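# Structural characterization, general
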Amino acid sequence: MTNQEKIQHLYWRAGFGLSPNDQDKHNWSVTKAVNNLFKEAQKLQPLAMPKFDSPSRAEIKSMSKQERKDLRKEVQQMTNDVNADWVRQMASTTSSPLQEKMTLFWHGHFACESKSFHLAVNQINTIRKHSLGSFKDLVLAISKDASMIFYLNNQQNKKSHPNENYARELMELFTIGRGNYTEKDIKEAARAFTGWFANRQLGTFNFRDKAHDYGKKTFMGKTGNFDGTDIVDIILEQKETAEYIATKVYRYFVNPKPNTTHITAIAKVFRDSDYDIAKMMRYVFESDWFYSQKNRGSKIKSPIEFLVGISKTLGLSFGNTQSLLFPQRTLGQTIFRPPNVAGWPGGKAWIDNATLMLRLNFAGIIFQRSELLINAKEMPEMAKRGKLKKLAIDANLQPLLQTVKKIKEADLSNTLCQQLLQVDFESKDSFIEQFAKTANTRQKKIQAFLLGIMSLPEYQVC
Amino acid sequence: MSISRRKFLGQSALTAVGGMLIPSFLKGFDGRNTLLNNSSNKLVIIQFSGGNDGLNTIVPYQNDIYYQQRPNIAIKKSDVIKVTDELGFHPALKSLQGLYDNGDMSIINNVGYPNPDRSHFRSMDIWHTASNSNEYLSTGWLGRYLDKHNNNNHQALEMDDTLSLALKGIEHSGFAMSDPKRLQRTVKTPIVKALVKHHHDHDHEENVAYLYQTLANTVSSSDYLFEKAKTYSSSQSYPKNKLGKSLKQVAELIISGCDTQVYYVTLGGFDTHANQTMTQERLLKAYAESVSAFIKDLKQHNQWNDTMVMTFSEFGRRVKENGSRGTDHGTAGNLFLMSGKLKKAGFYNDAPDLTTLDKGDLIYNMDFRRVYATLLDKWLKVDDQAILNRQFKALSIV
């Protein structure tokens with residue numbers, strides 16, 4: 001890879017690609033860029049909690065049907081707004097790309113659907129706080145997170161009637177992976193997490209002494225009066241846990257096709273650092289193999305990567321929440337709404353005839369303000385279909401135009417290809433240039449090039 | 001030699017392979033059973049989204065518990081279309097009575113799965129993937145069918161703009177289309193034409209090749225479906241609602257000899273927590289009238305014996321009505337199979353037992369995957385176990 005290719009590759013994986021304002025970074029060394037990414041990530045930028053006077057139970061009880069309906073609508077709107085806020089934040093030039101990307105990664109890993117927006121915001125801010133910290137702290141914080149406690153039924157996990165749901169997913173999906181524990185381990189772990197409840201109103205962890213099983217448990221070969229914290233400790237003592245997370249990290253940040261040598265190396269760094277996520281990620285981004293040609297463009301962008309990426313490049317502003325939600329729903333990735341606790345499968349699963357056409361047409365929809373030719377599937381709670389005629393999206397091309405100001409007209413399309421694509425594409429004399437022939441000003445020509453390039457299947461990979 | 005565009009598109013999956021790195025997803029084209037399936041039967045799936053109230057659909061009109069538990073929303077005995085000593089149809093299903101009498105309809109009660117989940121998403125997920133309730137699969141049961149027995153890229157067609165999980169496979173997925181004309185508009189653009197040509201002339205790495213291939217397939221399927229949709233225009237009168245429109249489209253494609261084998265249609269709005277009566281009546285009426293028009297259409301064209309319609313919902317609803325003249329999420333529900341060639345018509349099993357409930361919910365005694373297994377094995381004539389990853393006992397209906 002050339003230096004520019006390396007930097008772009010890094011920024012696509014550790015973030016959502018470079019924005020036109022970042023063009024000077026093309027000349028940075030990898031070391032400098034990595035240091036900068038981690039430095040920016042140190043400042044925590046939590047998602048803002050929307051102001052909302054949540055009515056008490058008594059107040060809700062005294063409400064009329066219409067008032068209750070309005071309340072539900074308002075809460076749904078808040079949930080949508082929170083989603084839009086986060087996507088806007090991911091695309092913002094003042095956010096830390098790495099912090100946003102890590103938070104998104106862990107959101108997919110600890111996949112959870114929240115009952116209400118305030119639980120969702122709390123959870124995502126908890127994840128954000130630990131996204132580059134200690135994995136042990138992260139797992140513990142998730143185990144005490146209200147949204148997760150409700151989602152995986154730990155609220156029903158009592159000494160008298162243990163509920164195994166959280167214990168099972170903690171091991172199967174969040175830490176060690178299938179095949180490394182027994183059904184007995186699940187039962188014992190569930191006992192250790194009894195009484196780990198949450199307060200629905202406040203969204204806080206609420207340990208209930210009376211529901212907790214203080215008895216002896218035997219878990220992964222150890223015996224003691226374990227509680228949830230001990231269980232997490234024991235799981236993290238197993239080398240399989242580091243390997244499981246390293247595999248996931250490799251497939252998400254490096255290449256969907258696992259490479260055992262590199263995964264083993266990542267796992268070792270992770271385990272030797274007592275599960276320091278930042279150390280692990282730094283190791284990945286600073287490894288030579290990360291910049292190997294075969295990793296470049298090896299990922300199909302997730303809908304969020306696609307949406308945030310195009311938004312950064314074109315300086316998009318979204319006029320309303322629906323314009324941010326609709327693409328997520330129709331492209332198959334709505335944040336805060338993973339398909340199930342296993343998260344989004346990713347890769348080729350993002351692609352079918354409908355999602356591909358929408359992706360290829362997306363730049364056209366923005367540039368030509370064309371009508372949407374599709375409807376989203378309805379949500380079961382709402383009888384109405386997800387109809388939206390037009391997206392309220394505006395582009396600000398000025399920063400991008402600045403970056404190619406000094407480029408000769410003959411080199412424009414190839415320069416833009418290099419900036420926008422993570423795979424090679426020879427645009428000289430291609431249909432991309434053909435389509436721009438009728439453009440009579442430099443700006444129109446650039447716009448035609450952008451439209452062409454962003455309509456390429458090549459634009460869908462990073 | 002010049003190859004016409006149409007011909008090229010039609011064959012692109014095969015011809016384009018020659019000069020490029022063959023991605024793994026294409027390799028199967030040689031070895032797999034691609035030319036003919038074992039069966040030319042058509043399967044039409046109608047999904048009721050939101051959880052249809054089974055007890056008010058097939059009504060246990062002799063059951064006192066039913067009337068006790070539902071003082072406001074029970075279907076009056078005098079309104080029920082009585083088909084057995086115990087059970088009858090919701091009056092809105094009137095247009096299906098003839099079908100039932102004719103032996104073209106089979107009703108399966110108490111359909112569900114172990115450890116039922118009362119969340120719409122999760123339960124629909126389970127129905128779509130045919131997983132256990134503590135298991136998470138990222139492919140649908142029809143998607144896995146396509147992965148093993150793919151003939152063409154619109155072999156399973158969802159009449160919608162986006163594709164459901166049920167039709168998602170790993171290497172092959174179903175095709176989503178709500179309107180052939182509209183689809184054709186999105187693929188008949190200069191850029192798409194240029195991309196298809198570019199694909200033909202260049203080699204690409206795996207992911208990019210996959211995207212180009214999906215695009216080429218989309219264009220060729222769109223062309224094909226657009227042509228087929230023009231071949232026959234139904235003279236049958238269908239209700240003007242969305243389901244009626246979709247089923248008319250399906251009938252037209254079937255009658256014009258379209259090589260799609262599985263059609264997937266959704267009717268939503270069944271989440272009747274409040275004021276259920278009006279909503280459910282409207283939906284069931286739309287369903288019954290659309291389906292009966294559809295079947296008339298197929299019968300007139302001698303296609304009914306080769307077509308099977310399955311109707312399901314992600315769960316039934318609680319036995320006891322709630323405080324808003326509605327019902328909350330429940331468990332087991334009923335499932336309908338319709339065809340001109342049923343081996344066993346009428347009621348397949350006993351009515352729901354309202355005396356033995358699990359926390360107020362019906363207890364399933366028919367795993368929905370037995371129905372899937374039956375359809376795969378007996379109707380589509382493929383190895384059901386390879387698709388469902390487990391063995392399920394087939395029903396003697398098909």
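On a predicted model such as this, the values are computed, not experimentally measured, just so you know.

What follows deals with the overall build of chain B. Helix and strand content of chain B: 13 helices and twelve strands. Its C-alpha atoms give chain B a radius of gyration of 22 Å, within 12% of the compact-globule value 21 Å for 398 residues. The contacts of chain B with a sequence gap of at least 6 include a subset with a gap of at least 24, amounting to 73%. Of the accessible surface of chain B, which amounts to about 15,400 Å², a share of 49% is contributed by carbon and sulfur atoms. Side chains of chain B give 46 positive and 41 negative charges; the mean places of these two sets differ by 4 Å.

In this section: the domain arrangement of chain A. If you check the domain split of chain A, you get domain 1 (134-233), domain 2 (239-295) and domain 3 (404-460). For domain 1 of chain A versus domain 3 of chain A, the separation of C-alpha centres amounts to 54 Å.

Counted by the stated rule, this structure contains 39 aromatic pairs over all chains. Over the aromatic face of B:Tyr210 sits the side chain of A:Lys348, whose NZ or CZ is 4.9 Å from the ring centroid.

With that out of the way, let us pick up the packing of helix 7 (residues 135-143) of chain A against helix 11 (residues 228-237) of chain A. Residue and element names in this part refer to chain A. Running from N to C, helix 7 and helix 11 cross one another at 140°; their axes reach a closest spacing of 10 Å. The interaxial crossing formed by helix 7 with helix 11 has right-handed handedness. Facing Phe135, Lys136, Val139, Leu140 and Ser143 of helix 7, the residues of helix 11 in contact are Thr229, Val232, Asp233 and Leu236. Grouping the amino acids of the contact of helix 7 with helix 11 by side-chain chemistry returns five nonpolar, two polar and two charged.

A common measure of how large an interface is: the accessible area buried when the components associate. Counting residues at the interface gives 45 residues for chain B, matched by 47 residues for chain A. Between chain B and chain A lies a buried interface of about 4,000 Å² when both sides are counted; carbon and sulfur atoms form 62% of it. Looking at the side of chain B facing chain A, the largest losses of area belong to B:Phe121, B:Tyr136 and B:Leu211, adding up to 17% of the total buried there. Where chain B touches chain A, the interface holds three salt bridges. The interface formed by chain B and chain A holds nine residue pairs in polar contact (both at pLDDT 80 or more) in total. Within the residue set of the side of chain B that touches chain A, elements represented by two or more residues are helix 5 (120-129), strand 7 (175-176), helix 7 (180-187), helix 8 (190-201) and helix 9 (206-231) of chain B.

Rules of the game
- Residues numbered from 1 in each chain as written.
- Chains lettered and ligands numbered in written order.
- Predicted model: local features only at pLDDT ≥ 70, side-chain atom pairs only at ≥ 80, totals over all residues.
- Heavy atoms only, no water.
- Helix = DSSP H or I, 4+ residues; strand = E, 2+ residues; numbered from the N terminus.
- Rg over C-alpha atoms; globule rule 2.2 N^0.38 Å.
- Contact = heavy atoms within 4.5 Å.
- Areas by Shrake-Rupley, 256 points an atom, 1.4 Å probe, with all protein chains shown as cover.
- Lys, Arg positive; Asp, Glu negative; His and termini not counted.
- Charge placed at Lys NZ, Arg CZ, Asp CG, Glu CD.
- Domains from an automatic or database assignment.
- Phe/Tyr/Trp six-rings, centres within 6.5 Å; stacked < 30°, edge-to-face > 60°.
- Lys NZ or Arg CZ within 6 Å of the ring centre and 35° of its normal.
- Axes fitted to C-alpha atoms, helices over the stretch in contact; angles between N-to-C directions.
- Left-handed = near helix turned anticlockwise from the far one by under 90°.
- Nonpolar A, V, L, I, M, F, W, Y, C, P; charged D, E, K, R; others polar.
- Buried area = accessible area lost by both parts, 1.4 Å probe.
- Salt bridge = Lys/Arg side-chain N within 4 Å of Asp/Glu carboxyl O.
- Polar contact = N/O pair within 3.5 Å; in protein donor to acceptor, adjacent residues only side chain to side chain.

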